[in-house]
Structures are given as C-alpha cells and as structure tokens.
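# Architecture at a glance
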Amino acid sequence: MARVKIQMQSVSVWYGAQPALRQVSLDVAEGAVLALIGPSGCGKSTLLRVINRLVERTPEAKIQGRIWIDGEDILRPEMDLVRLRKRVGMIFQRPISFPFSIFDNVAYGPRLHGLKDAFELRRVVELSLKQAALWDEVRGKLRRPASGLSGGQQQRLALARALAVNPQVILMDEPTSALDPGSAARIEELVVKLKGQYTVVMVTHNLQQAARVSDFTGYLQAGRLIELGETSVIFTAPRDRRTEAYLTGQID
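This text gives an overview of the structure that appears in the document. (Residues numbered from 1 in each chain as written. Predicted model: local features only at pLDDT ≥ 70, side-chain atom pairs only at ≥ 80, totals over all residues. Heavy atoms only, no water.)

## With respect to the sheet that holds strand 5 (residues 72–73)
What counts, and what does not: Here, a strand pair is defined by DSSP locating no fewer than two bridges between the strands. Here a helix means four or more residues in a row that DSSP labels H or I, a strand means two or more in a row labelled E, and each is numbered from the N terminus.
Pairing is antiparallel in the open sheet, where four strands are placed in the order 2-1-4-5. Each edge of the sheet is formed by a strand with only one pairing partner; in this case those strands are strand 2 (18–29) and strand 5. Sheet analysis places strand 1 (residues 4–15) next to strand 2, joined by eight bridges and oriented antiparallel. Looking at the pairing, M8 lines up with L26 of strand 2.

## With respect to helix 3 (residues 102–112)
An α-helical segment advances 3.6 residues per turn. Residues three or four places apart therefore align on the same side. Cut-off, in case you're wondering: Per-residue accessibility, obtained with a 1.4 Å probe over protein chains only, is compared with the maximum for each type, and a residue is labelled buried under 20%, exposed over 50%, and partly exposed between these values.
For helix 3, the complete set of buried residues consists of I102, F103, N105, V106, A107, G109 and P110. Just past helix 3, the residue G114 takes up positive phi, approximately 100°.

## Details of the side chain of N105
Where we set the bar: Counting of polar contacts relies on pairs of N or O atoms within 3.5 Å, with two restrictions inside protein: one atom must be capable of donating a hydrogen and the other of accepting it, and residues adjacent in sequence are counted only when both atoms are side-chain atoms. Two residues form a contact once any of their heavy atoms are found within 4.5 Å.
Its location among the elements puts N105 in helix 3. A polar contact is formed between the side chain of N105 and the backbone oxygen of F100, at a distance of 3.5 Å. If we skip the residues at most four places from it in the chain, N105 touches S97, F98, F100, A146, L157 and R161.

Any functional reading would require information that these geometric values do not contain.
This is how it looks when you write it as structure tokens:
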C-alpha cells in the first residue's frame, strides 16, 4: 500500500467572513494523481493553494486545521515558505512565462536555490525540458525569448520550470483549460508519465480528463469534500447522491 504523501485534517479557509473550505480532511498517496472536481466556486482552487500556502497572499484569508507533507506540519508559523514551494511546484490555468529566455525560465528556480555551476545548470535545464516533452522543439532556441512560444509550449515550459527544482508534489490548477485540444492532450500525457515519480493534485472542470489521468478523484461542493475515492469507483458507482448528480449533469 502506497504511503501517504499529503494529509489534510479538518482544514477550513475563509476569505474575510466568506467560507471557502469547510472542515476538509483527505489523504493523498505518494506518487498518485488526485483530481479535484466540482462546480465553480466550490473551493477546488483554494484547496490547491492551501497546500503550498499561496492562499495566504489573499487579503483577509484565514486558515484553520492541519496539513502534513511527509509528516511535516506545513501550516506552522515558522515554516520556511521558500523551501515549501521548492517541494511543491504549481502550474496555473493560463501559461505563465517569465520575460527571459527559454533557458533562463527553466534555470530561474535552480539559480534561486543556489545552483551556480554552469555545467550542472545546463544539465538540469535539458533534463527538465525533456521531462516536459519540450526539448526537441526548443533545443536550438534556448536563448530566444520564452514569449515566442505557443500557449501549449509555454504551459510545458511552466512544467519544466517547476520540475527543475526537483519538487515532490505538483499542483495543477486547470492546466489545460486555456489550451487547444492537441496541446491539452500533450499535458495529459505528461501527467500520466509523471505519476509515480511525483505526487500530483489537479483541479479540472473536464470530467473526461479526470477519468483519463487520475488515480483518485475528490468531489467538492460548497467548500466541503463530499466524496473521495478511486477514480474508477467515483465515476461508475459514487456513494453520495450529490456526486452522482454532478457527474450526470444535474448540478453545474
């Protein structure tokens, strides 16, 4: 049985007086892909952002509960957030590239964390681009601006940038919603390839995508985790009628 990588216990989040998450508890197995599904505004992205504490950048955000990664309490006040976000990479909905060259985009994180050796930096950049299935397309263009890449390529560049610091967890917030079908399919293929080596938590509105790439699926509604289980079970025999209503289109 796979060991638990992420454990959340009774996690609640408020934005001012508005609750976004309500008493959420869940475990994520090491090397697994967990898909988070549910209606817009149900708390999926907040759940994602609380794992690397980005939620605290929102004014008036308040968090209660406990979260452990590899048994380490990441919500404690003295937690080193730079170290945490090295361990927990994040891919956002819209492709984000820094105003640098392709090479410098991928090298940004390793340099930030103290890697100075030029040979090792080149090795890390090449390996990360290969993991993100982008190396063959950019190997002769590494000094060109990253802004010249297509949307799909920029999303894979963002993935390479996250992988370059050797994270343990990768968070993905609707990583294909702004991409064309072909680019979206490539991201899905990468998620499947990355499972086992990394623990992935992905928010998606695309139910077919969740069914294709995830090992486990969690359904959220109004800030509550209604049901969590193996993806094959959630999609074929959900235990909760609210999950079934969402999967059959009765809840938008």
